[in-house]
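Structural overview for review
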Amino acid sequence: RSATVTALDKSETLELPATTIREFSMEHRSFERAMARVIAHQLRNQSHQLLEAMYLPVPRRLARRLAELSDLYGAPVVPLTQDDLAGISGTTRQTVNQLLTEWREAGVVDLGRGRVTVVDRDRLDRLAR
């Protein structure tokens, strides 16, 4: 893989040797098609995020990432640090801190140690547009 992953909770992983994957895909051709669709989707998503990083202002990018993460976690609480949010939004921790502080004062989010809680999702969505 070309990525580094950090688990937020205790996790268990499984390593599958390339030979196992090749054998499985030979026996199940639909697996190759499914994997190709997943890879294509990930590539489109990365291209989209790169374009956002180049052309969208930081407040919109941060609002979009918070909305996506809230959806991903299925809850208004996003258990990530401001450093984490800066990394996935393509900005600095200081900028994230300034924006989150403004948004907290406006009643959009609530801040805690290592987490952001989306309080007003409608307003966050408007910031993301």
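Residues numbered from 1 in each chain as written. Predicted model: local features only at pLDDT ≥ 70, side-chain atom pairs only at ≥ 80, totals over all residues. Heavy atoms only, no water.

1. Describing the sheet that holds strand β2 (residues 109-112)
Neighbouring strands of a sheet are bound in pairs by backbone hydrogen bonds; such pairs are parallel or else antiparallel. Put simply, the test is: Here, strands pair whenever DSSP counts at least two bridges between them. To qualify as a helix, a DSSP run of H or I must reach at least 4 residues; to qualify as a strand, a run of E must reach at least 2; elements of each kind are numbered from the N terminus.
Taken in spatial order, the three strands of this open sheet run β1-β3-β2, and their pairing is antiparallel. Each end of this open sheet is capped by a strand with a single partner; those strands are β1 (77-78) and β2. Relative to strand β3 (residues 115-118), β1 runs antiparallel, the two being bridged by two bridges. Each residue of the ladder has a partner; that of V77, found in β3, is T117.

2. Considerations on the packing of aromatic side chains
Defined as follows: To pair, rings of Phe, Tyr and Trp, with the six-membered ring standing in for Trp, must have centres within 6.5 Å; the planes then decide the type, stacked if under 30 degrees apart, edge-to-face if over 60, and tilted in the middle. In this scheme, a residue with accessible area under 20% of its type's maximum is buried, one over 50% is exposed, and one in between is partly exposed, where area comes from a 1.4 Å probe on protein chains only.
Considering all chains together, one arrives at one aromatic pair under this definition. Relative to F31, the ring of F24 has its centre 5.1 Å away and its plane inclined at 90 degrees; by these criteria the two rings are edge-to-face. Assessed through its relative accessible area of 24%, F31 is described here as partly exposed.

3. Digging into the pattern of salt bridges
Keep this limit in mind: For salt bridges, the criterion is a side-chain nitrogen of Lys or Arg within 4 Å of an Asp or Glu carboxyl oxygen.
Applying the stated criterion to the full structure yields seven salt bridges. In this structure, E52 engages R64 in a salt bridge whose closest nitrogen and oxygen atoms are separated by 2.5 Å. Within this pair, whereas E52 is found in helix α2 (residues 29-55), its partner R64 is found in helix α3 (residues 58-73), the two being separated by twelve residues in sequence. When its relative accessible area of 4% is taken as the criterion, E52 is described as buried.

4. Considerations on helix α5 (residues 93-105)
Rule in force here: Multiply 1.5 Å by the residue count of a helix minus one, and that product is the helix's expected span. By definition, the arc is the one covered by directions from the helix axis to the C-beta atoms. Throughout, a contact is declared for two residues whenever any of their heavy atoms are within 4.5 Å.
If you check α5, its first and last C-alpha atoms are 18 Å apart, about what 13 residues at 1.5 Å a residue would give, namely 18 Å. Along α5, the residues classified as buried are V96, L99, L100 and W103. Take α5 and look down its axis: the buried residues cluster within an arc of 100 degrees, on one side only. For α5, exposure combined with an orientation more than 90 degrees from the buried face picks out Q94 and E105. On its buried side, α5 packs onto α3, α4 (82-89), β2, β3 and α6 (121-128). A positive phi of about 80 degrees marks G107, the residue just after α5.

5. Observations concerning the packing of α3 against α5
Keep this limit in mind: Lines fitted to C-alpha atoms define the axes here, with helix axes fitted over just the stretch in contact, and angles between the N-to-C directions of these axes take values from 0 to 180 degrees. The cut-offs work like this: below 35 degrees is roughly parallel, past 145 is roughly antiparallel, 65 to 115 is roughly perpendicular, and the gaps in between are oblique. Classification convention: Asp, Glu, Lys, Arg as charged; Ala, Val, Leu, Ile, Met, Phe, Trp, Tyr, Cys, Pro as nonpolar; all other residues, Gly among them, as polar.
Remark: α3 packs on α5, axes separated minimally by 11 Å, with the N-to-C direction vectors making an angle of 75 degrees. On the basis of the axis angle, α3 is roughly perpendicular to α5. The segment α3 lies against α5, with V58, P59, L62, A63 and L66 engaging T95, V96, L99, L100 and W103. Its residues assigned to classes, the contact of α3 with α5 comprises nine nonpolar, one polar and no charged.

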